[in-house]
Structure formats: C-alpha cells, structure tokens
Amino acid sequence: MIILNGFLNDLATKVLLFDGAMGTEIQKYEPKENDYLNNKEGFNDSLNFTHPEWIKTIHKNYIKAGSDCIETNTFGSNKLKLDEYGQGDKTIDFNVQGAKLVKESSAELGRDVYVIGSMGPSGYLPSSNDSDLGNISLGEIEEAFFVQAQGLIIGGCDALLIETGQDVLEMKLAVESCFRAMNKLEKTLPIITNVTLDQYGKMLLGTNVQSAYTTLSNLDIDVFGLNCSTGPLEMTPSVQWLCEQNELPILVMPNAGMPVNENGIAKYLMAPQEISLKLSEFVNKYERLKIIGGCCGTSVDHIKHLRSMLNTRTKTPVNLSFENETVT
C-alpha cells in the first residue's frame, strides 16, 4: 500500500531522520518510584501523564537536533502491556496522550515534524511453544494492537510504526490490526515495520531477514526496517540484502553499538561520529535506504551528527517512484 501523504511524499525525495533513544533519556532525570503512575517503577509510558514536561523536553531536544520524525512515547502502550499495570482500559487514552505530547512539542518550537506512532511488542511470542510466552490466543494479540492503533490514529499520528519485532507472526497480527483500525476510523496512514535481528541476522525465534521481509512486505506495508539489538556494523549484511534485493523504502535505526555489561548494567559505547560514519556509508551506497535514526544508547548528540551528515552529503538522494498511489 503506497499512500502519497506528506510523510511518504518526503520519503520519496529525501532521506528522513528519526529520533534517538527514549529510555536512556528518561533515565537522565533519575526517576523515582513515585514519579510513575501508581508507583509502578519502570512504567515509562505513564510518564506521559505524570511528567509530560520530561517527555516533551526529550521530544524537543530531538527536534532541535534535526529530527524530521519523532516517535511517541507509547512503545509499551498496547493493551496487553498496559494490563500488567492495571491500565488496559485506558489504552486509547495512553496513545492519544503520547501523540499529543509530540504535537505540542513541535508546535511550541514552531517546527513541523512527522508524528510516528510507536507500537512495541506485546510481551508474548505467539510462534513460541513456551508455556508462558506462547500461551495466548492470536485474537488477544490482534485486539491489543487494534485498540492501540485506534488511539494513535485519533491522536493525529502521521504514520504507524510496529517496532522491535521479535516474532514475525505477532508483527503480522499487528499489521492486520492497524488496517482494521484504519478501516474503522476511515483514516489511512503509512505502516512501517521494524524487525530486530541478532548479530547473525536472525530474529529471536530464528526467522531470517529474508523471510521476515517476504512475509511483511506481502501485507501492503509501506516501509520495512531494522532497529535495536545490534550496532550498525552487525546490521551490514542485512542492510545490503534489503537494499539490493527489494523494492520498499528501507529504515535503519541501530543501537549505539553492541551492549557492554558494566556492573550488571548494559552500556552502549559507540560514539556519535562512529555511527554517523557508518550510516553515511549506507545512505551513500544504497538508494533504497530512506530513513535513519538511533535506538538504544543513542542520544541527542548522535542525532545531531546524523543531521550534519545528511545536510552535508554530496550524493543527491534518488527519487522513488510509487505505484498505485492513494492521496489522503
């Protein structure tokens, strides 16, 4: 499905820059238990309500750094994840609020950005035989994403991002849920799917990038991407295959290198210059690579370097021609 709205129109003519990590930016505020809704420590999405000023400041910092697209702080706001905190009945409210904070941040700075509705994993693995993680009906997973997608659409998102996918069956259900929500609300948005691969190019349950792309691209998505798990170096073979063998625009959002364990805490040590240099190689070599950004461990400085790289690159991006375009 190719939808010629503002987002995809820009995507056809240039490389768009997403933002960086949210979780590590939140930790810079050193949140305490009582900062979270109902004192549920680690419930980052609840900070949209308890500390909206924190979330807006993070959004604004990425906008100032040069991001074209800002993700909502709704990674864990599907109904199943919210049920764990006793907030499942407020799924739409959580997602509307996440979109609202991005829109307010953009308006207060006087700079337009695309609002990208973030949809992370449900916490289950429907393809797994695990007695806990696989013990859920497909209908429950689809409903969880269906409600979340409605909230993001109502909130005014410009695109829906199904990200950090670990189980291709769950991602398939999420895509179908997005279409169902769009049909209900009579609103059509682009759909982006991001899988997360290990250093050997496979998803958590062993699906390789070729199989994941084939499965998801056949569902009429608009962009296929890679995010999380590894740094850009480890992504190189998968990026090459995706950009050389396929037709969809490709997104790449690596971590700031492979995590290093320091006293039980994962640290990401890849410098902004290093990530910028590697992603510069990708965007100059592969015409299909149309979105870059950062995942775990990346900061405002990483995004600033990526913005500078895109602004000063000498190679002109190639326009993509979309077929069967639908204007929305």
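Given the structure is predicted, the values throughout are model-derived calculations rather than measurements.

Trainee: A description of the sheet that holds strand 3 (residues 69-71) should follow, citing residues and the corresponding values.
Mentor: Strand pairing in a sheet relies on backbone hydrogen bonds. The paired strands run either parallel or antiparallel. The eight strands lie next to each other as 2-11-8-7-6-5-4-3, forming an open sheet whose pairing is parallel. One side of each edge strand has no neighbouring strand; the edge strands of this open sheet are strand 2 (16-17) and strand 3. Where strand 4 (residues 114-119) and strand 5 (residues 159-165) come together, four bridges link them in parallel fashion. Bridge pairing links Gly117 to Leu160 in strand 5.

Trainee: Got a sec to walk through the packing of aromatic side chains? Specific residues and values, please.
Mentor: This model, assessed by the stated rule, comprises eight aromatic pairs. Where Phe43 meets Phe94, the ring centres are 5.7 Å apart and the plane angle is 20°; that geometry is what we call stacked. Here Phe94 lies in helix 6 (residues 91-109) and Phe43 lies in the loop between helix 2 (23-27) and helix 3 (47-50), a separation of 51 residues in the sequence. Judged by relative accessible area, Phe43 falls into the buried class, the value being 3%. Taking relative accessible area as the criterion, Phe94 reaches 1% and is therefore assigned buried. Feature note: the residues Phe43, Phe49, Tyr85 and Phe94 constitute an aromatic cluster, connected by ring pairs. Positioned above the aromatic ring of Phe146, the side-chain terminus of Arg180 is 3.6 Å from the ring centre.

Trainee: Residue-level account of the layout of surface pockets, with values.
Mentor: One number sums up the size of the largest pocket: a volume of about 780 Å³. Sorting the residues of the lining of the largest pocket by element identifies helix 2 and strand 5 as the ones contributing at least two each. Each residue belonging to the lining of the largest pocket can be placed in one class, and the counts come to 12 nonpolar, 15 polar and five charged.

Trainee: Kindly report on unusual backbone geometry, identifying the contributing residues and their values.
Mentor: Its identity as a non-glycine residue notwithstanding, Asn39 has a phi of 60°, on the positive side. Position of Asn39 among the secondary structure elements: in the loop between helix 2 and helix 3. Relative accessible area serves as the criterion here: at 40%, Asn39 is assigned to the partly exposed category. Phi is positive for Asp220, which is not a glycine, with a value near 75°. Inspection of the secondary structure puts Asp220 in the loop between helix 9 (209-217) and strand 7 (223-227). We classify Asp220 as partly exposed; its relative accessible area is 43%.

Trainee: Run through the nonpolar core, naming residues and quoting values.
Mentor: With 77 residues, the main nonpolar core has Val195, Phe224, Leu226, Leu289 and Ile292 as its most contacted residues. A per-element tally of this core places helix 8 (residues 168-185) first, with eight residues. Residue contacts for Phe224: discarding those within four places in its chain leaves Thr193, Val195, Val209, Ala212, Tyr213, Leu216, Leu242, Leu248, Pro249, Ile250 and Leu251.

Conventions and cut-offs
- Residues numbered from 1 in each chain as written.
- Predicted model: local features only at pLDDT ≥ 70, side-chain atom pairs only at ≥ 80, totals over all residues.
- Heavy atoms only, no water.
- Pairing = 2+ DSSP bridges.
- Helix = DSSP H or I, 4+ residues; strand = E, 2+ residues; numbered from the N terminus.
- Phe/Tyr/Trp six-rings, centres within 6.5 Å; stacked < 30°, edge-to-face > 60°.
- Buried < 20%, exposed > 50% of the residue type's maximum accessible area, 1.4 Å probe, protein only.
- Lys NZ or Arg CZ within 6 Å of the ring centre and 35° of its normal.
- 1 Å grid on protein atoms, 1.4 Å probe; cavity = no way out; pocket = protein on both sides within 12 Å on 5 of 7 lines; lining within 4 Å.
- Points joined across faces, edges and corners; volume = space filled by probe spheres on them.
- Nonpolar A, V, L, I, M, F, W, Y, C, P; charged D, E, K, R; others polar.
- Core = buried A, V, L, I, M, F, W, Y, C linked by side-chain atoms within 4.5 Å.
- Contact = heavy atoms within 4.5 Å.

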